[in-house]
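An overview of the molecular structure
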Amino acid sequence: MKEQIEELLEEIKDLKAETIQDVENIRIRLLGKKGSVTRLFADFREILPEQKKEFGKMLNHLKTEAAEKIEELRSSVEEHSGDDKGNLDLTRPGDEFELGTRHPISITREEIISIFTRFGYGVAEGPEIEDDWHVFGALNFPPEHPARDMQDTFFISQGEDPLLLRTHTSSVQIRAMEKMKLPIRIICPGRVFRNEAISARAHCIFHQVEGLYIDKNVTFADLKQALASFAKEMFGDDTRIRMRPSYFPFTEPSAEVDVSCNLCHGKGCNVCKGTGWLEILGCGMVDPNVLEASGIDPKEYSGFAFGMGIERIAMLKWQVNDLRHYFENDVRFLREFEKVI
Ligand code: DAH
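Model, not experiment: these values are computed from the prediction.

Turning to the site of the ligand, a few remarks are in order. In the region of the ligand, 15 residues are neighbours, and His168, Ser170, Arg194, Gln208 and Glu210 sit closest. A distance of 3.4 Å separates an oxygen atom of the ligand from a polar atom in the side chain of Gln173. For the ligand, the protein covers 88% of the area, taking 350 Å² as the surface of the free molecule. Residue classes in the shell around the ligand are distributed as five nonpolar, eight polar and two charged.

Now the structure itself:
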């Protein structure tokens, strides 16, 4: 019996198979009902009790070797089947390649840019790390204005002229007025930073688009016209706007702009909280102090400015009720925008 076991072990080592059928034949030959290994187990019953221990061990070893070899042959045949064996299935559908989607904030930003470039606006950018002058001083913020406070602004250096993360894209207005030739007609999309606790309605990082138009004889009527046209392009042809008086240090007069609710068309629903209107942006005529601070003569030139939050516009457009969705990158949320692209 010992010899038979050893012979079989040798044979197993050299076994080869080309097809799954070969592997199956080997399995039957060794481990099938009448297989050689199975037969040895039958013979084992006749063995003298004192030899059982030794042969038992050898037989178990043989069985494991046989089973392992068969598995090894099976996986190697499976791995190689189909390619160099000439049975490659060219009709088999390919593995699906999952395309990513554009982020809703990018989609909205691109749409805003596309609308305003059609109106003749250029796109300007400015730094995210700014100084006090461009974020506050030149924009007519009084020295003690609360927006300058540590509570709202992330400072990244201290001292006389500290560096900070811009809290709004209005800073790009100043940079544009400093270096561009008049007339100026630009929008400035970008990221802004505020020291706010994160919630469904606030985040410490978000995106804005600033708009600026400076020329001779620019009036409030021009501002209203530009924003009404924008609202129609963005939210649909039947969208109306209304302006409410407001205050910003850098515009005079200032207004906040609402669009008619695109869900209930002004009737009142829970998105517009029954008012029929949704707030989308702040705007106004550029304050003469701001023009002067950037070296533009307010007697000769006038202009308007506006600023909107991209998250806010996207929320209204797609009824997203929690700002945090935009930053968590949950693919279930992002996939919702596959159809929009
Ligand atoms: N900078 C303002 C903010 O962050 C938005 C804004 C309001 C911009 C009125 C403007 C404007 O240009 O005229 O809240």
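Here the focus is the sheet that holds strand β9 (residues 302-309). The sheet built from seven strands is open, its strands ordered β1-β4-β5-β9-β8-β7-β6 with mixed pairing. Both outer strands of the open sheet, β1 (122-123) and β6 (241-248), are each paired with one neighbouring strand and no more. Inspection of the sheet shows strand β4 (residues 184-193) paired to strand β5 (residues 205-215) by ten bridges, in the antiparallel sense. From the neighbouring strand, Ile186 faces β5, where its bridge partner is Leu212. Sheet strands touched by helix α7 (residues 170-179): β4, β5 and β9. Its angle to β5, the strand with the most contacts, is close to 35°.

Once that is clear, we can look at the state of the cysteines. Enumeration over the complete set of coordinates arrives at zero disulfides. Considering cysteine sulfurs only, Cys261 is the nearest to Cys264, which forms no disulfide, with 3.6 Å between them. Overall, Cys264 belongs to the buried group, its relative accessible area being 9%. Cys261 supplies the cysteine sulfur nearest to Cys269, a cysteine that is in no disulfide, at a spacing of 3.7 Å.

The assigned domain composition of the chain is domain 1 (2-87) and domain 2 (104-337). Centre-to-centre, using C-alpha coordinates, domain 1 lies 76 Å away from domain 2.

Here we take up the pattern of salt bridges. This structure, assessed with the given rule, holds 20 salt bridges. Between Arg27 and Glu24 there is a salt bridge; the shortest N-O distance is 3.0 Å. Of the two residues, Arg27 and Glu24 are both situated in helix α2 (residues 20-31); the distance of three residues between them amounts to about one turn of the helix. Note on Arg27: relative accessible area 29%, which makes it partly exposed. Where Arg109 meets Glu110, a salt bridge forms, and the shortest distance between an N and an O atom there is 3.4 Å. By relative accessible area, which is 27% here, Arg109 ends up partly exposed.

Conventions adopted
- Residues numbered from 1 in each chain as written.
- Predicted model: local features only at pLDDT ≥ 70, side-chain atom pairs only at ≥ 80, totals over all residues.
- Heavy atoms only, no water.
- Near = heavy atom within 4 Å.
- Polar contact = N/O pair within 3.5 Å; in protein donor to acceptor, adjacent residues only side chain to side chain.
- Areas by Shrake-Rupley, 256 points an atom, 1.4 Å probe, with all protein chains shown as cover.
- Nonpolar A, V, L, I, M, F, W, Y, C, P; charged D, E, K, R; others polar.
- Pairing = 2+ DSSP bridges.
- Helix = DSSP H or I, 4+ residues; strand = E, 2+ residues; numbered from the N terminus.
- Contact = heavy atoms within 4.5 Å.
- Axes fitted to C-alpha atoms, helices over the stretch in contact; angles between N-to-C directions.
- Disulfide = S-S within 2.5 Å.
- Buried < 20%, exposed > 50% of the residue type's maximum accessible area, 1.4 Å probe, protein only.
- Domains from an automatic or database assignment.
- Salt bridge = Lys/Arg side-chain N within 4 Å of Asp/Glu carboxyl O.

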